[in-house]
Amino acid sequence: MKPDALPRLRSWLGSEARPEGFRLPPERELAPLLGVSRTDLRNALLVLEAEGGLERQVGRGTFLRHAARPGTDYDSGRDISSLAERTGPMEAMNARLALEPELAQMAALQASPLQISELRELAQAMQASPDWASYEKQDAEFHDLLAKSAGNPLLYELHRIVNGVRLVVVWRRLNPEDVSPPSSYHSFAEHDAIVAALERRDQAAARAAMRAHLAATIAAMTGGA
């Protein structure tokens, strides 16, 4: 994400006294309004959602939450930009490695059949992604839903913070020479393995599958895969 996308979005959201529940324009309209690409806008939206300043409702749009306006919750440690300034890519990924396998293990027991079905649909949609931007959006939705499926609100909020920082500091595209993820992309099989473990309610397998997925992502980042 380019460094000016997030502050531009914050500035635009704070430029008027918009009411609780204000619906943001579609990305195709908001991106040129802010002078940023749709990919950078999408990443900035994900960061503000992770902070709790935005709420995305499937099929309806993205809405402003005044209960936690973007960038105003510094004292509680949830100012994602401030955390990102002090966090390196490997620190962000190691935080995910410490948290997400445990969430996957919990989700194997707690996730509803509907949540597991939605995770399966997201895993399949990623394999048909026409470009990296679509894949990254669906990947973020997959990990967010899995964390929510664990059924622990506190750990879910921690995941939102970690994921928000990760979106800022971790390299967004591990295969920049490809227009879209290749059919052999390692994450496809890894996501399938995670969902399969959830479907079997196999806690140990879900934890191991998530750990393997994150380890493979770290290896790809560092040139080890």
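The notes below deal with the structure included here. Predicted model, so just to flag it, every value in this text is computed and none were measured. (Residues numbered from 1 in each chain as written. Predicted model: local features only at pLDDT ≥ 70, side-chain atom pairs only at ≥ 80, totals over all residues. Heavy atoms only, no water.)

A separate point is the overall build of the protein chain. Of the regular secondary structure elements, the protein chain holds 10 helices and two strands. If you list the helices and strands of the protein chain from N to C, you get α-α-α-β-β-α-α-α-α-α-α-α. Considering only intrachain contacts with a sequence separation of at least 6, the fraction spanning at least 24 residues in the protein chain is 73%. Carbon and sulfur atoms provide 53% of the accessible area of the protein chain, an area that totals close to 10,700 Å². (Helix = DSSP H or I, 4+ residues; strand = E, 2+ residues; numbered from the N terminus. Contact = heavy atoms within 4.5 Å. Areas by Shrake-Rupley, 256 points an atom, 1.4 Å probe, with all protein chains shown as cover.)

Turning our eyes to something else, we now look at the packing of aromatic side chains. Counted by the stated rule, this structure contains six aromatic pairs. Arranged with centres 5.7 Å apart and planes meeting at 85°, the rings of W132 and Y135 form a pair that is edge-to-face. In this pair, W132 and Y135 both sit in helix α7 (residues 132–149), three residues apart, roughly one turn of the helix. Centre to centre, the rings of Y185 and F188 are 5.8 Å apart; their planes meet at 80°, and the pair counts as edge-to-face. (Phe/Tyr/Trp six-rings, centres within 6.5 Å; stacked < 30°, edge-to-face > 60°.)

Attention now goes to the pattern of salt bridges. Oppositely charged side chains can pair when the atoms bearing their charge come close. One pass over the full model with this rule turns up eight salt bridges. The closest approach of N and O atoms between K137 and E141, which form a salt bridge, is 2.7 Å. Of the two residues, K137 and E141 are both situated in helix α7; the distance of four residues between them amounts to about one turn of the helix. For E157, the salt bridge is made with R160, and the minimal N-O distance between the two is 3.7 Å. (Salt bridge = Lys/Arg side-chain N within 4 Å of Asp/Glu carboxyl O.)

In this section: the nonpolar core. With 62 residues, the main nonpolar core has L9, L13, L41, F142, L146 and L198 as its most contacted residues. The biggest single contributor to this core is helix α5 (residues 89–110), with eight residues. (Core = buried A, V, L, I, M, F, W, Y, C linked by side-chain atoms within 4.5 Å. Buried < 20%, exposed > 50% of the residue type's maximum accessible area, 1.4 Å probe, protein only.)

Any functional reading would require information beyond the geometric quantities listed.
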